[in-house]
Amino acid sequence: MVEIRKPIAVRDAIKRVMDKANALPIIEIALEDSFGYILAEPIIAMHDVPSFNNSPYDGFAIRSEDSIGASGDNRIHFRVIDHIGAGQVSKHALGKYEAVRIMTGAPIPEGADAVVMLEQAVESENTFTIRKPFKQLENISLQGEDSKKGEMLIPSGTFIHPGTIALLATFGYAKVKVRKKPIVGILCTGTELLKVEDEIEPGKIRNSNGPMIEAQLKRRGIESRYYGILSDDLESCFQLVKKVLVETDCVITTGGVSVGDFDHLPEIYRRLQADVLFNKVAMRPGSVTTAAFADDKLLFGLSGNPSACFTGYELFVKPAIENMMLNNCPFTPHTKAKLTEDFLKPNPFTRFVRSVYRFEGNEAIITPAGFNKSNAVSSIARGNALIVLPGGTRNFVAGDIVDVLLLGNENGVSSWMS
Ligand SMILES: Nc1nc2c(c(=O)[nH]1)N[C@H]1C(S)=C(S)[C@@H](COP(=O)(O)OP(=O)(O)OC[C@H]3O[C@@H](n4cnc5c(N)ncnc54)[C@H](O)[C@@H]3O)O[C@H]1N2
Ligand code: MOO
Ligand SMILES: [Mg+2]
C-alpha cells in the first residue's frame, strides 16, 4: 500500500526547519577572512569617528574671527606659518591672521576653527588672501560626527559585507567573532545518474542536482563536501547517509524521497530513527521535499526533479543555514512585481515559478522563464527570481501584481541608468 502523505503549508514547513536549525559555535577569524560570515558580537565604537577634528579639504586652517568683514573689495591677508598633510600634527598654535596650510584628513591645528579651500584663496609666496568671511567650524569634519565612542553601531547577527569590514578595521578588529559556517554534505541518489563528464547511455542522465546544490551553497560562501552519486541501493545509501551525518553539520540528499519502489530515503530516515519534520509540502514544484532531524542535525531530502530540487534548497535549506549562523535576517528578499504575461494554470498548492525579474522604466516586472514543470532545468538557468502564487488561486493575467522572491544579485544589467 502506498503511503498517503499529508501536505503542510510552506510557511509551517519553513518554521519547522528553522526551529531545528541549531546555532553553530562561535569562532574567531582574521578580519580579511570574515566576508560572508555572520557577526557573533555587536560592533561597538571603540573611539569617536573621526577621532579628531580634521580638514575635509586641501586648504588653509584659519581662525574664523580673523575673516570677519572679508569681501571682494576688502581682501584679508593671512600668513602661512606651517604646512601639514594627513598623518602630521602641527606644533603651532595660530595667532592673529596666521594660517596653516593643511591637507585633507590632517588634524585642525590649535586655535584654528575654519578651513579655506585652496580654490577660495589667492596665494603668493607665504601668504594668501580671502574674499569672504568664514563661519566658526566652517569646512571642518568634527570629532564624533560619524560615530560616538561606546555607541552600538552594528548588532550581532549581521551579515559581514565589505562595508562592515571597513567599520571593523576602523576600530582595530584584527580578529572578529563570528558563527562557524556549516559544512554541508551533498549526496545524489539515482541509478540513472552519470557524472558530468560521462557519455550519455540509454536510460541514464547526467547528475545536474549535485553541481547545482554545490553552487547554491557556494553562492552563499558555504563549504560543501560532495559525496558523489549513489545508485538506488538501500543498504549502501543508508551507510553513506549515516557517515555523512557524522562528518558534516547538515546533510542534503537529492532524489529518492517520493513513494517509488527505489525511493529509499523514507526508510533511511526510519533506520536513523530521525524525526521527520515533513515529507509533503503544499507547494509545486517540490511537494515531496522532506526534512528530518537526527543527532541534532538537519537532513534535507530534496526532490530529484531539478526545479523541485532547486526550489527546495531556496525555500528550506537557505534560511536554515542562516539560522545555524544566527543571522538576524535569514530569509530571501521578497518584493512585488508586475506580470508581463498570463499564467492561467490553477494552483492547488503554492506555486513557485522560475522567472526573470527586472526593472523597466519605473516598474518592477516579472516574466516566467519558460518551460516550468518540476523536471525543468532550462528555466532554472534563465531565472533570477521565483514568482509565488498562493495555493487556491488561478488565472493570473498580464498586469497582475505578484509576490516575488529575489535570488542572488550577482547578475549585471546591460546598460547604465537612463
Ligand atoms: N506516485 C507518485 N509518484 C510521484 C509523486 C507522488 O506523489 N506519487 N511525486 C512526484 C513528484 S512531485 C516528484 S518531484 C518526484 C520526486 O521524485 P524523487 O525525489 O523520489 O526523485 P527520484 O525518483 O530519484 O527522481 C525524480 C526525477 O528526477 C531525476 N533526477 C534525480 N536525481 C537527479 C539529479 N541528481 N540530477 C538530475 N536529475 C535527477 C530522475 O531521473 C527522475 O526523473 O516524484 C514524482 N512521482
Ligand atoms: O515535488 Mo514535485 O516537484 O511537486 O513535482
Ligand atoms: Mg522517486
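As the structure is a computational prediction, the values presented were derived from the model and not from experiment. Starting afresh in each chain, residues are numbered from 1 along the sequence in its written order. Numbering of ligands from 1 and lettering of chains from A proceed in the order in which they are written. In view of the model being predicted, local features appear only for residues whose pLDDT reaches at least 70, and side-chain atom pairs are presented and counted only at 80 or more, with totals across whole chains, interfaces and linings using the full set of residues. Values shown for side chains rest on all heavy atoms present in the structure; no hydrogens or waters enter the calculation.

It is worth spelling out the side chain of threonine 254 at this point. Looking at the secondary structure, you find threonine 254 in strand β15 (residues 250–254). Exposed residues in this analysis have more than 50% of their type's maximum accessible area, buried residues have under 20%, and partly exposed residues fall in between, with area computed by a 1.4 Å probe over protein chains only. On the accessibility criterion, threonine 254 (2% relative accessible area) is buried. Excluding residues that lie within four positions of it along the chain, threonine 254 makes contacts with Leu187, Cys188, Thr189, Asn209, Ile213, Leu302, Ser303 and Cys309. Where helices and strands are cited, they refer to DSSP runs of H or I of at least four residues and of E of at least two residues respectively, numbered from the N terminus. Should any heavy atoms of two residues lie within 4.5 Å, those residues are considered in contact.

In this section: the pairing of strand β4 (residues 76–84). Regular strands place their side chains on alternate faces of the sheet. For two strands to be treated as a pair, DSSP must find at least two bridges joining them. Sheet topology places β4 next to strand β8 (residues 127–130); 4 bridges connect them, and they run antiparallel. Within the sheet, the bridge partner assigned to histidine 77 lies in β8 and is threonine 129. Note that β4 and strand β5 (residues 98–102) share 5 bridges and pair parallel. Paired with isoleucine 84 across the two strands is isoleucine 102, which belongs to β5.

Within helix α1 (residues 10–20), burial applies to Val10, Ala13, Ile14, Val17 and Met18. Viewed end-on, α1 has its buried residues packed into an arc of 135 degrees, placing them on one side of the element. Away from its buried face, by an angle of more than 90 degrees, α1 presents the exposed residues Arg11 and Asp19. Of the surrounding elements, those touching the buried residues of α1 are β16 (275–278), β17 (283–284), β18 (290–294), β19 (297–302), α6 (306–324) and β21 (350–360). Throughout, the arc means the angular range of directions from the helix axis out to the C-beta atoms.

So, on to the sheet that holds β15. The strand order across the open sheet built from 6 strands is β14-β11-β15-β19-β18-β16, with neighbouring strands paired in mixed fashion. The outermost strands of the open sheet, each flanked by one partner alone, are β14 (224–230) and β16. Mean inter-strand twist for the sheet, computed between neighbouring axes without regard to direction, equals 20 degrees. Both β15 and β19 contribute to a ladder of 5 bridges, which runs parallel. Bridge pairing in β19 places valine 251 opposite leucine 299. As a rule, the C-alpha atoms of each element are fitted with a line to give its axis, helices using only the stretch in contact, and angles between N-to-C directions run from 0 to 180 degrees. Its contacts with the sheet put helix α3 (residues 209–219) on β11 (184–189), β14, β15 and β19, and the angle it makes with β11 is roughly 160 degrees. Contacts from helix α4 (residues 234–247) reach β11, β14, β15, β18 and β19 within the one sheet, and its direction differs from that of β14 by about 180 degrees.

The strands that make up a sheet pair up through hydrogen bonds in the backbone, lying either parallel or antiparallel. The strand order across the open sheet formed by 6 strands is β6-β3-β5-β4-β8-β7, and the pairing between neighbours is mixed. Two strands close off the open sheet at either side, each with one partner strand: β6 (114–117) and β7 (122–124). The mean inter-strand angle of the sheet, taken between neighbouring strand axes irrespective of direction, is 35 degrees.

So, about the site of ligand 1. Whether a residue is near a molecule or strand is decided by its heavy atoms; if any one of them lies within 4 Å of it, the residue is near. Around ligand 1, 21 residues are found, and the nearest of them are Glu192, Asn207, Gly256, Ser258 and Gly304. As used in this structure description, the phrase polar contact means that two N or O atoms lie within 3.5 Å; if the pair is within protein, one of them must be able to donate a hydrogen and the other to accept it, and residues adjacent in sequence are counted only when both atoms belong to side chains. Between ligand 1 and the protein, one listed contact pairs an oxygen atom with a side-chain N or O atom of glutamate 192 at 2.6 Å. Residue valine 257 places a main-chain N or O atom 3.1 Å away from an oxygen atom belonging to ligand 1. Residues are sorted three ways: Asp, Glu, Lys and Arg are charged, Ala, Val, Leu, Ile, Met, Phe, Trp, Tyr, Cys and Pro are nonpolar, and all the rest, Gly among them, are polar. Looking at the shell around ligand 1 residue by residue, the class counts come to 5 nonpolar, 12 polar and 4 charged.

The subject of this paragraph is a nonpolar patch on the surface. On the surface, Val2, Ile4 and Val259 cluster together into a nonpolar patch covering about 300 Å² of accessible area. In this fold, valine 2 is placed in the segment before α1. The patches reported here contain residues having more than 30% relative accessible area and no salt bridge. Joining distances are 9 Å for like charges and 5 Å for nonpolar side chains (Val, Leu, Ile, Met, Phe, Trp, Tyr). Residue burial considers only the protein chains on display, and all accessible areas are found by Shrake-Rupley using a 1.4 Å probe. Put simply, a salt bridge is a Lys or Arg side-chain nitrogen that is within 4 Å of an Asp or Glu carboxyl oxygen.

What follows is about the domain arrangement of the chain. Often the size quoted for an interface is simply the accessible area lost on bringing the parts together. Domain delimitation follows an automatic or database domain assignment. What the domain assignment reports for the chain is domain 1 (10–24 + 181–324), domain 2 (29–49 + 151–179), domain 3 (59–130) and domain 4 (334–406). The gap between the C-alpha centroids of domain 1 and domain 2 is 33 Å. Taken residue by residue, the interface counts 6 residues in domain 1 and 6 residues in domain 2. By buried area we mean how much accessible surface two parts lose on assembly, using a 1.4 Å probe and totalling the loss over both. For the pair domain 1 and domain 2, the two sides together bury roughly 440 Å², of which 47% comes from carbon and sulfur. Ranking the residues of domain 1 by area buried against domain 2 places Leu24, Lys181 and Arg220 at the top, with a combined share of 81%. Counting across the domain 1 and domain 2 interface gives 0 salt bridges.

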